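Residues per chain are reported as follows:
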Amino acid sequence: MEKSSPQNYRKIIHIDMDAFYASVEQRDFPEYRGKALVVGGLPEGRGGVVATASYEARKFGIRSAMPSKQALQLCPHALFVRPRFAAYKEVSQNIREIFRRYTDLIEPLSLDEAYLDVTEDKLNIGSAIEIAKQIKQAIKNELQLTASAGVSINKFVAKTASDINKPDGLTFIGPSAIEAFMEKLPVEKFFGVGKVTAQKMKNMGLHTGADLKSLAEHELIKHFGKTGKFYYQIVRGIDNREVQPHRETKSLAAEDTFAYDLTTIEEMEAELDKIAKTVCNRLQNYQLKGRTITLKIKYSDFKQITRNQSFPVAVDDFETICSTAKRLLSATEPEDKKIRLLGISLSNFGEVVVKQKVEHPTDQLKLFQF
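These numbers were taken from a predicted model, which means no experiment stands behind them.

Caption draft 1: Expanded view of the overall build of the chain. What the chain contains, in helices and strands, is 13 helices and 12 strands. Against the globule reference of 21 Å for 370 residues, the chain gives a C-alpha radius of gyration of 23 Å, in line with a compact fold. Each principal axis of the C-alpha atoms in the chain carries an extent, and together these give about 65 × 55 × 50 Å. Out of the 370 residues in the chain, the part that is buried amounts to 44%.

Below you can see the structure in the form of structure tokens.
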């Protein structure tokens, strides 16, 4: 591995809230504390999915994205509550305000996690570890919640580190320890490796970073496409992605899973009216217009299809979005079909409106001091 000089190292923190939705519920409602709590769809409904589960529930094997019915089977005494997204968004904004005390270089990944570049911090603390400790303590004192933090010289290692000692953990992986850490890392922990890719790797005898490291770059690209180049670099501790304060919005969507299968055109179009209205409201909120409208359909047998139409100019009006979605639906010949989900998305936005300007750091980075 080509070693970087100390002055070129970034100081990256990844903050990940612990069981965020469930922790907010347990904070706000004392009767949920210490209980196996599941936030998401109710098990008696159809299509219910776990959004997150408290650590008490996770002991029974309950995980995010698991069907709620399966979660109930694993833990019959679990409590199920629907999400309160307005409450979670408010807490997320409070967390973001704590981050901004230290840096403006914040890249949110979701309501409950973000990257921070503290190479040059506002308070001149100079130590990424100390900043992570202060952030964690502020979240605990001011919001009565816990977060886990990973600290390193790049985004990939920081994100991986934040997951090591959950909950309420803080893990630092310094420059000299990265390669040994990556070599021991199971392949399923690598960026872009889902269940299918992980199984493919294991079938090839690739179980750890050390195994990936044994392959030449062209071999990884041959087997895994462009992502193979990323695997080649990251297993050697190289990740040059910058923390991006304004992540470009690629698409904006809304969808709904129905309590019963839709079987008539009238029912389908009525639901598309509602979904299109939600999409329009979100477009206007973010001051966006898109040139591509995509319709998503999931049938009762869980088969899923998408259809799209692009326009020469960007649109955001209800009439265009709704009528286009209905035309795309009609082209699928939906008569006598059973539909369990419909969704509409807009993409191909062009320029995104940035509401707040953030200054970028200088290219000259200070001596790396954790």
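Caption draft 2: Structural view of the sheet that holds strand β10 (residues 290-299). Strands sit in the order β9-β12-β10-β11 across an open sheet of four strands; the sheet is antiparallel. At either margin of the open sheet sits one strand with a lone partner, and together these are β9 (251-262) and β11 (304-315). Strand after strand, the sheet turns through a mean of 15° between neighbouring axes, direction not considered. Examined bridge by bridge, β9 and strand β12 (residues 339-347) share eight bridges and lie antiparallel to one another. Looking at β12, one finds that D256 is bridged to L342. In this fold helix α12 (residues 265-285) packs onto β9, β10, β11 and β12, with an angle of close to 155° to the strand it touches most, β9.

Caption draft 3: Focus on helix α4 (residues 85-100). Between the first and last C-alpha of α4 there are 22 Å, a value that for 16 residues agrees with the 22 Å anticipated at 1.5 Å per step. Regarding α4, the residues found buried are A87, Y88, V91, S92, I95, R96, I98 and F99. Against β1 (12-17), α1 (20-28), β2 (37-40), β5 (106-110), β6 (113-117) and α5 (128-143) lie the buried residues of α4.

Caption draft 4: Quick peek at the pairing of β11. Summarising the sheet, β10 and β11 pair through eight bridges and their orientation is antiparallel. Counterpart to L295 in the pairing with β11 is R307. Here β10 folds back onto β11 in antiparallel fashion, the turn holding four residues, of which F302 has a positive phi close to 75°.

Caption draft 5: How the structure looks around unusual backbone geometry. In this model, K166 is joined to P167 through a cis peptide bond whose omega is -5°. Note on placement: P167 falls in the loop between α6 (155-162) and β8 (170-172). Positive phi, normally seen in glycine, also occurs at F302, with a value near 75°. By secondary structure assignment, the location of F302 is in the loop between β10 and β11. Phi angles above zero are rare outside glycine, and E333 is one such case at about 55°. For E333, the position within the fold is in the loop between α13 (318-331) and β12.

Caption draft 6: Representation of the packing of aromatic side chains within the structure. Considering all chains together, one arrives at nine aromatic pairs under this definition. On the basis of an interplanar angle of 90° and a centroid distance of 5.7 Å, the ring pair of Y21 and F85 is categorised as edge-to-face. Pair noted here: Y21 is in helix α1 and F85 is in helix α4, with a separation of 64 residues, a long-range link. Accessibility expressed as a relative area gives 18% for Y21, which makes it buried.

Caption draft 7: A look at the pattern of salt bridges. Per the stated rule, a full pass over the model turns up 20 salt bridges. Of the charged contacts, one joins R27 and D28 as a salt bridge, the two residues approaching to 2.9 Å between their closest N and O atoms. Salt-bridge contacts for E107 lead to K155; the nearest nitrogen and oxygen are separated by 2.8 Å. Here E107 is found in strand β5, whereas its partner K155 is found in helix α6, with 48 residues between them in sequence. For the pair E107 and K155, one class covers both residues: buried. Each of E25, R27, D28 and R84 takes part in salt bridges that share partners, so that together they form one network.

The rules behind each value
- Residues numbered from 1 in each chain as written.
- Predicted model: local features only at pLDDT ≥ 70, side-chain atom pairs only at ≥ 80, totals over all residues.
- Heavy atoms only, no water.
- Helix = DSSP H or I, 4+ residues; strand = E, 2+ residues; numbered from the N terminus.
- Rg over C-alpha atoms; globule rule 2.2 N^0.38 Å.
- Buried < 20%, exposed > 50% of the residue type's maximum accessible area, 1.4 Å probe, protein only.
- Pairing = 2+ DSSP bridges.
- Axes fitted to C-alpha atoms, helices over the stretch in contact; angles between N-to-C directions.
- Contact = heavy atoms within 4.5 Å.
- Expected span 1.5 Å × (residues − 1).
- Phe/Tyr/Trp six-rings, centres within 6.5 Å; stacked < 30°, edge-to-face > 60°.
- Salt bridge = Lys/Arg side-chain N within 4 Å of Asp/Glu carboxyl O.

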